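What the coordinates show
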Amino acid sequence: MDYNNYDIREKKRRRRKIETTIIKGLIIFTLGTVVGFFAGKVIKNKIMDKALPIPENALGDTIVFDAPDDIRKMVEENYYSYIKKAYILFGDYPDCEMYKISDKVKRDDYDFENHFYVKSGEAYVNYYPESEDKPEGEIAIDISGYQGTIDWKQVKEAGVSVAIIRAGFRGYGEAGSLNEDENFKEYMDGAQAAGIKTGVYFFSEAVNYDEGVEEAKFVLNMCKGYKITEPIVMDVEYVDGVDYARANEISSEDRTQAVKGFCETIKAAGYTPMIYATESYFVRHMNIEEIGDYEFWLAAYYTPDFPYHVEAWQYSPYGLVPGIDENNVDLNVWLRNKK
């Protein structure tokens, strides 16, 4: 055998094999690039047909690509729905205040738009989660001395089962004196004699923890001798048109402390505390995580979009109830005793 010729032929064969491999690799790479380019264009076009653009308000004045108006509208509505699941909005979106919904406060799944209404033949809104034959809420009123003389028997016969009666109020100005409602005892005696469940509320102007405690003790003293079946409520609200209202301009922290002082004192005395406020006051003017374990009474004269638990909903200040003739009365759906 000629080993020299064999070595030469073997080296040539190996070189051709290497060259062939390189050429094949270049061909595959080139084809892959070309195919990938066109495939990418096709895929990109498919994605562009189906993709949802980022809403304009998320990028300022730009958007990642042009989209038909119907797609753009759908995306903006989608995005708005997402925002409302994560935030509470005050004002018109996107020019609004946004407050992150806390995961530390219990939430309810009430469908206020579809499950709260006045049944045919009835006079008041109630809660109908399954069918209109089975209301689960109670009809409640809250009253003060402004309502004048009340025929409680007629009130009961009209379907009202709960009455929250004002025990008193704190005055405005620097003194902030504590005052009894002039009709408290008369109303409590009349409502309880008629078999109506009673609770009590106090109109607060407390500006700190100690004043919240002071108001609670004042109410507890007034409730002696009465069977209170419903909560003792701290009424926290903005006083419109009164420059010397004590609590209008206090900080959220001070207001939260005042509420805690009231509620902690009521709870320690063996009663159920409740907080009455608007959605704005609950969310914007108190630290809701610090008061979230207490019962909430929401004042909203519209269809609420409140994400947290609600034990009572005041839906109208213009109620007409037989037996209460001198003034309108606040109407409520009472949810804490759901049937």
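The residue count restarts for each chain, going from 1 along the sequence in the order it is written. Owing to the predicted nature of the model, reporting of local features is limited to residues with pLDDT of at least 70; listing and counting of side-chain atom pairs is limited to 80 or more, with chain, interface and lining totals taken over all residues. The side-chain figures draw on all heavy atoms in the structure; neither hydrogens nor water molecules are used.

Things to note about the overall build of the protein
Our working definition: Note on conventions: DSSP H or I runs of at least 4 residues are helices, E runs of at least 2 residues are strands, and numbering of each starts at the N terminus. Partly exposed describes any residue whose relative accessible area lies between the buried limit of under 20% and the exposed limit of over 50%, with all areas from a 1.4 Å probe on protein chains only and scaled to the type maximum. By definition, residues are in contact when any of their heavy atoms lie within 4.5 Å. Here the Shrake-Rupley method, with its probe set to 1.4 Å, supplies the accessible areas, and only the displayed protein chains count as covering residues.
On a plain count of helices and strands, the protein comes out with 10 helices and 13 strands. Counting only residues that meet the buried cut, the protein has 44% of its 339 residues in that class. Contacts in the protein between residues far apart in sequence, at least 24 positions, make up 57% of those at least 6 positions apart. Element-wise, carbon and sulfur atoms account for 50% of the exposed surface of the protein, whose accessible area totals about 19400 Å².

Section: the packing of helix 7 (residues 209-222) against helix 8 (residues 252-268)
The description of two helices packed together rests on the angle between their axes and the distance between the axes. Where we set the bar: Note on geometry: axes are lines fitted to C-alpha atoms, helical ones only across the stretch in contact, with angles between N-to-C directions running from 0 to 180 degrees. Handedness of each helix crossing follows the sense of rotation of the near helix against the far helix: counterclockwise by less than a right angle gives left-handed, clockwise gives right-handed. Residue polarity is assigned by list, with Asp, Glu, Lys and Arg as charged and Ala, Val, Leu, Ile, Met, Phe, Trp, Tyr, Cys and Pro as nonpolar; anything else, Gly included, falls into the polar class.
Running from N to C, helix 7 and helix 8 point in directions that differ by 35°, and their axes come no closer than 6 Å. Handedness of the helix 7/helix 8 crossing: right-handed. On the side of helix 7, the interface is formed by Tyr209, Gly212, Val213, Glu215, Ala216, Lys217, Val219 and Leu220, while helix 8 contributes Gln257, Ala258, Lys260, Gly261, Phe262, Glu264, Thr265 and Ile266. By residue class, the composition of the contact of helix 7 with helix 8 is eight nonpolar, four polar and four charged.

Section: the pairing of strand 6 (residues 162-170)
Short version of the rule: Here the rule is simple: two strands pair whenever DSSP picks up at least two bridges between them.
With eight of nine residues buried, strand 6 lies mostly within the body of the structure. Sheet topology places strand 5 (residues 138-143) next to strand 6; four bridges connect them, and they run parallel. Bridging across to strand 6, aspartate 142 finds its partner in isoleucine 164. Looking at chain direction, strand 6 and strand 8 (residues 197-203) are connected through seven bridges and run parallel. When the sheet's bridge partners are listed, glycine 168 is paired in strand 8 with phenylalanine 202.

Digging into the confidence of the model for the protein
Condition: For every residue, the predictor states its confidence as a pLDDT score lying anywhere from 0 to 100.
Taken over all residues, the pLDDT of the protein has a mean of 85, while the share at 70 or more is 80%. Predicted confidence is poor over residues 1-12, with pLDDT under 50, and the contacts of this stretch with residues over four places away or in other chains come to zero contacts. Scored below 50 in pLDDT, residues 26-54 makes 17 contacts in the model with residues more than four places away or belonging to other chains.

Focus on the nonpolar core
We count it as follows: For our purposes a nonpolar core is just a set of buried Ala, Val, Leu, Ile, Met, Phe, Trp, Tyr and Cys residues, chained together by side-chain atoms within 4.5 Å.
One finds Ile141, Trp152, Ile275 and Phe282 to be the most contacted residues of the largest nonpolar core, which totals 66 residues. It is helix 8 that contributes the most residues to this core, five residues altogether. Dropping the residues within four chain positions of it, tryptophan 152 is found in contact with Ile141, Ile143, Ala163, Tyr187, Gly190, Ala191, Ala194 and Ile196. Membership of the second largest hydrophobic core comes to 11 residues, among which are Ala140, Tyr201, Tyr276 and Ala299.

Quick word on the packing of aromatic side chains
Here is the rule: Here a pair means two rings of Phe, Tyr or Trp (six-membered ring of Trp) with centres within 6.5 Å. Their orientation is stacked below 30 degrees between planes, edge-to-face above 60, and tilted elsewhere. For a ring to carry a charge above it, either NZ of a lysine or CZ of an arginine must fall within 6 Å of the ring centroid while also lying within 35 degrees of the normal to the ring plane.
Under the definition given, this model contains 20 aromatic pairs. Aromatic pair tyrosine 110 and phenylalanine 116: ring centres 5.8 Å apart, planes at 85°, arrangement edge-to-face. The class of phenylalanine 116 is buried, set by a relative accessible area of 7%. Taken together, the aromatic side chains of Tyr110, Phe112, Phe116, Tyr127, Trp313 and Tyr315 make up a single cluster linked through ring pairs. Sitting over the ring of tyrosine 87, lysine 100 keeps its end group 5.8 Å from the ring centre. Sitting above the plane of the phenylalanine 90 ring, arginine 284 keeps its charged end 5.1 Å from the centroid.

Remarks on helix 8
Given 3.6 residues per helical turn, the α-helix brings residues three or four places apart onto the same face. To keep things clear, this is the line we draw: By definition here, a helix of n residues has an expected span of 1.5 Å times n minus one.
Spanning 17 residues, helix 8 covers 24 Å between terminal C-alpha atoms, matching the ideal 24 Å at 1.5 Å per step. The set of residues buried in helix 8 consists of Arg255, Thr256, Ala258, Val259, Lys260, Gly261, Phe262, Cys263, Thr265 and Ile266. Looking at the packing, one finds that the buried side of helix 8 touches strand 8, helix 7, strand 9 (232-235), strand 10 (273-278), helix 9 (279-284) and helix 10 (288-291). Just past helix 8, the residue glycine 270 takes up positive phi, approximately 95°.

Looking at the environment of lysine 104
Within the secondary structure, lysine 104 is located in the loop between strand 2 (95-100) and helix 4 (112-115). Distance in space between the C-alpha atoms of lysine 104 and isoleucine 288 is 9.1 Å, their sequence separation being 184 residues.

Remarks on the pairing of strand 12 (residues 312-321)
Summarising burial for strand 12: seven of the 10 residues are buried, a large majority. Pairing of strand 11 (residues 295-299) with strand 12, which is carried by three bridges, proceeds in the parallel orientation. Looking at strand 12, one finds that leucine 298 is bridged to tryptophan 313. Both strand 12 and strand 13 (residues 324-334) contribute to a ladder of six bridges, which runs antiparallel. Paired with glycine 319 across the strands is valine 329, a residue of strand 13. Once strand 12 ends, the chain turns through two residues before running back antiparallel as strand 13, passing glycine 323 with a positive phi of about 100°.

Examining the pattern of salt bridges
So the rule is basically this: Within this document, salt bridges are pairs made up of a side-chain nitrogen of Lys or Arg and a carboxyl oxygen of Asp or Glu, the two lying within 4 Å of each other.
Applying the stated criterion to the full structure yields 11 salt bridges. Residue glutamate 290 is joined to lysine 260 by a salt bridge in which the shortest nitrogen-to-oxygen separation is 3.1 Å. Taken together, the positions of glutamate 290 in helix 10 and lysine 260 in helix 8 put the pair 30 residues apart, joining distant regions of the chain. What makes glutamate 290 partly exposed here is its relative accessible area of 29%.

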